Amino acid sequence: MVEKNPRVRGRFAPTPSGRMHLGNVFSALVAWLSARAAGGTVELRIEDLDPRAQSRERADTLMGDLEWLGLTWDEGPFFQSERAGVYQEALDRLAGAGLTYPCFCSRAELHAATAPHASDGTPVYAGTCRGLSADEVARRSAERPPATRLRVPEADDPAGTVEFRDLAYGPRREVLARECGDFLVRRSDGVVAYQLAVVVDDALMGVTQVVRGRDLLGSCARQIYLGRLLGHPTPQYGHVPLLVAPDGRRLSKRDRDLDLGVLRERGVAPERIVGALAAAAGLVDGSADLTPTELVASFSWERIAAHRDDVVVDEAFLARLG
């Protein structure tokens, strides 16, 4: 059971780059249940920072799918594409404190570096552009626009060590200089980086609990550090397993693996989908058609933590969907 705390404010933050697949639904379901079980609220934020994801038609379809599943929200939708001003204000604050610098490294140069990669696949930045002179910055800026990086403390500086407890994966500790190095807060095309946007949005929207897939667990330390620099409270984090194919490949929108468009065309009921995902998460024993509301009373993070291995979408799982 979850202790009641009506101050809990959770969120869905999907990207309208394509139809939601079952992995997206799984994260949304657990986020919804966690907030509702505490007596809290849920907001909907559409993460359409990337111009390629800025489609109101896809966003409307996404919202229709959530409502069809019974995953309703209390506030929103809020669109990141409409919030450039608040992101720029945060960037200006960081720059004014001398915490950022321009970076001219290409993607190919970053991936050719000898530094190891962080847990989310991001190269650990070697600091190549950290010490460029003003003249060198001006010369390179005339050739191509730079990205913007945030300086992190040296590895032996305690300020650069981030510790937190994840609701499913327990205590975590990361030394930023070793795990990621100076990281992007704005891309070279001018688009604000995901790490900065979500920190600003969660803080200004009063989000107290962030629930999402475990592939984003490696982002937490950077986001917590950024939040501290900007004077924001740290939300509670909970990460959930991924849904993967039998060969270990993560389900993706690109492959249209079990997306809601396909499932709805097949006539699969929303209660069947919710019930199958609840069983996969260990929230219920056996298989039954359920609504999200019917799962609220039995929700617990202890059950999620006990079933935190990735969920294999095999024949047995597919059989539950009918």
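Structure's up top.
Trainee: Where do I start with the pattern of salt bridges in this structure?
Mentor: Two side chains of opposite charge can pair, provided their charged atoms sit close to one another. Counted by the stated rule, this structure contains 23 salt bridges. The partner of Arg36 in a salt bridge is Asp74, with the nearest N and O atoms 2.7 Å apart. Separated by 38 residues along the polypeptide, Arg36 in helix 1 (residues 22-37) and Asp74 in the loop between helix 2 (56-69) and strand 3 (75-79) bring together distant segments of the chain. Residue classification places Asp74 among the partly exposed positions, given a relative accessible area of 42%. Connected through shared salt-bridge partners, Arg9, Arg11, Glu43, Arg45, Glu47, Glu75, Arg83, Asp201 and Asp202 make up one network.

Trainee: It is not clear to me how the packing of aromatic side chains should be interpreted in this structure. Could you clarify?
Mentor: For any pair of aromatic rings, geometry is given as the distance between the ring centres together with the angle between the planes. Under the counting rule described, the total for this entry stands at two aromatic pairs. Considering the side-chain rings of Phe299 and Trp301, the 5.8 Å spacing of their centres and the 85 degrees angle between planes classify their relative orientation as edge-to-face. This pair shows no difference in class: Phe299 is buried, exactly as Trp301 is. Sitting over the ring of Phe79, Arg56 keeps its end group 3.7 Å from the ring centre. Here Arg149 stacks its cationic end above the ring of Tyr125, 3.7 Å away from the centre of that ring.

Trainee: What should I look at first to understand the nonpolar core in this one?
Mentor: Of all hydrophobic cores here, the largest spans 87 residues; its most connected members are Phe12, Leu66, Leu196, Leu243, Ile273, Ile304 and Phe317. Top element by residues in this core is helix 1. It accounts for 11 residues. Non-local contacts of Leu196, meaning those with residues more than four positions away in its chain, are made with Tyr87, Ala90, Leu91, Leu94, Val185, Leu226 and Leu230. Core analysis: the next-biggest nonpolar cluster, separate from the first, contains eight residues, Tyr101, Phe104, Cys105 and Leu110 among them.

Trainee: What am I meant to see in the side chain of Asp48 here?
Mentor: Among the secondary structure elements, Asp48 is positioned in the loop between strand 2 (41-46) and helix 2. Of the side chains with opposite charge, Arg56 comes closest to the buried, unpaired Asp48, at an N-O distance of 5.0 Å. Within the local environment of Asp48, its side chain forms a polar contact with the side chain of Ser81, the two groups lying 2.8 Å apart. Leave out the neighbours within four places in its chain, and Asp48 touches Pro16, Ala53, Gln54, Phe79, Gln80 and Ser81.

Trainee: What am I meant to see in the side chain of Asp202 here?
Mentor: Here Asp202 shows up in helix 7 (residues 194-204). There is a polar contact of 2.9 Å between the side chain of Asp202 and the side chain of Arg45. The residues touching Asp202, leaving out its near neighbours within four places in the chain, are Arg11, Arg45, Val207 and Val210.

Trainee: Sorry, what's going on with the environment of Pro102 here?
Mentor: Looking at the element boundaries, Pro102 is found in strand 4 (residues 100-103). For Pro102, a relative accessible area of 26% translates into the label partly exposed. Apart from the residues within four sequence positions on either side, Pro102 is in contact with Cys129, Val137, Pro146 and Ala147.

Trainee: Honestly, the pairing of strand 10 (residues 236-240) in this entry has me stumped. Any pointers?
Mentor: One face of the sheet, then the other: side chains in a regular strand alternate in exactly this way. Strand 10 sits mainly inside the fold: four of its five residues count as buried. Where strand 9 (residues 209-213) lies against strand 10, five bridges are found, and the strand directions are parallel. Bridge pairing in strand 10 links Val211 to Gly238. Crossover handedness for the path strand 9 to helix 8 (residues 220-229) to strand 10: right-handed.

Trainee: I would appreciate a short explanation of the sheet that holds strand 3 in the present structure.
Mentor: The strands making up a sheet associate through backbone hydrogen bonding, with each pair oriented either parallel or antiparallel. Pairing in this open sheet of three strands is parallel, and the strands run 1-2-3 from one edge to the other. Either end of the sheet is taken by a strand with one partner, and the two such strands are strand 1 (9-12) and strand 3. Along the sheet, successive strands turn relative to each other by an average axial angle of 25 degrees, direction set aside.

Trainee: Any chance you could explain the sheet that holds strand 5 (residues 147-150) here in plain terms?
Mentor: The strand order 4-5-8 describes an open sheet built from three strands, whose pairing is antiparallel. Each having just a single partner strand, strand 4 and strand 8 (183-186) make up the two edges of the open sheet. Going from strand to strand, the sheet's axes swing by 45 degrees on average, the running direction of each strand aside. For strand 4 and strand 5, the ladder comprises four bridges, and the chain directions are antiparallel. Paired with Tyr101 across the two strands is Arg149, which belongs to strand 5.

Trainee: Explain the packing of helix 1 against helix 10 (residues 270-280) here, please?
Mentor: Packed helices, taken two at a time, are described by the angle their axes make and the gap between the axes. Running from N to C, helix 1 and helix 10 cross one another at 75 degrees; their axes reach a closest spacing of 10 Å. Taken together, the axes of helix 1 and helix 10 are roughly perpendicular relative to one another. In contact with Leu22, Val25, Phe26 and Leu29 of helix 1, helix 10 contributes Ile273, Val274, Leu277 and Ala278. When its residues are assigned to classes, the contact of helix 1 with helix 10 shows eight nonpolar, no polar and no charged.

Trainee: Sorry, what's going on with the packing of helix 3 (residues 84-96) against helix 7 here?
Mentor: It is the contact of helix 3 with helix 7, at a shortest axis distance of 10 Å, that shows an interaxial angle of 110 degrees. Relative to helix 7, the element helix 3 lies roughly perpendicular. Contact residues: helix 3 offers Val86, Tyr87, Ala90, Leu91 and Leu94, while helix 7 offers Leu196, Ala197, Val200, Asp201 and Leu204. Along the lines of polarity and charge, the residues of the contact of helix 3 with helix 7 split into nine nonpolar, no polar and one charged.

Rules and cut-offs
Residues numbered from 1 in each chain as written. Predicted model: local features only at pLDDT ≥ 70, side-chain atom pairs only at ≥ 80, totals over all residues. Heavy atoms only, no water. Salt bridge = Lys/Arg side-chain N within 4 Å of Asp/Glu carboxyl O. Helix = DSSP H or I, 4+ residues; strand = E, 2+ residues; numbered from the N terminus. Buried < 20%, exposed > 50% of the residue type's maximum accessible area, 1.4 Å probe, protein only. Phe/Tyr/Trp six-rings, centres within 6.5 Å; stacked < 30°, edge-to-face > 60°. Lys NZ or Arg CZ within 6 Å of the ring centre and 35° of its normal. Core = buried A, V, L, I, M, F, W, Y, C linked by side-chain atoms within 4.5 Å. Contact = heavy atoms within 4.5 Å. Lys, Arg positive; Asp, Glu negative; His and termini not counted. Polar contact = N/O pair within 3.5 Å; in protein donor to acceptor, adjacent residues only side chain to side chain. Pairing = 2+ DSSP bridges. Right-handed = clockwise from strand over helix to strand, strands pointing away. Axes fitted to C-alpha atoms, helices over the stretch in contact; angles between N-to-C directions. Parallel < 35°, antiparallel > 145°, perpendicular 65-115°, else oblique. Nonpolar A, V, L, I, M, F, W, Y, C, P; charged D, E, K, R; others polar.

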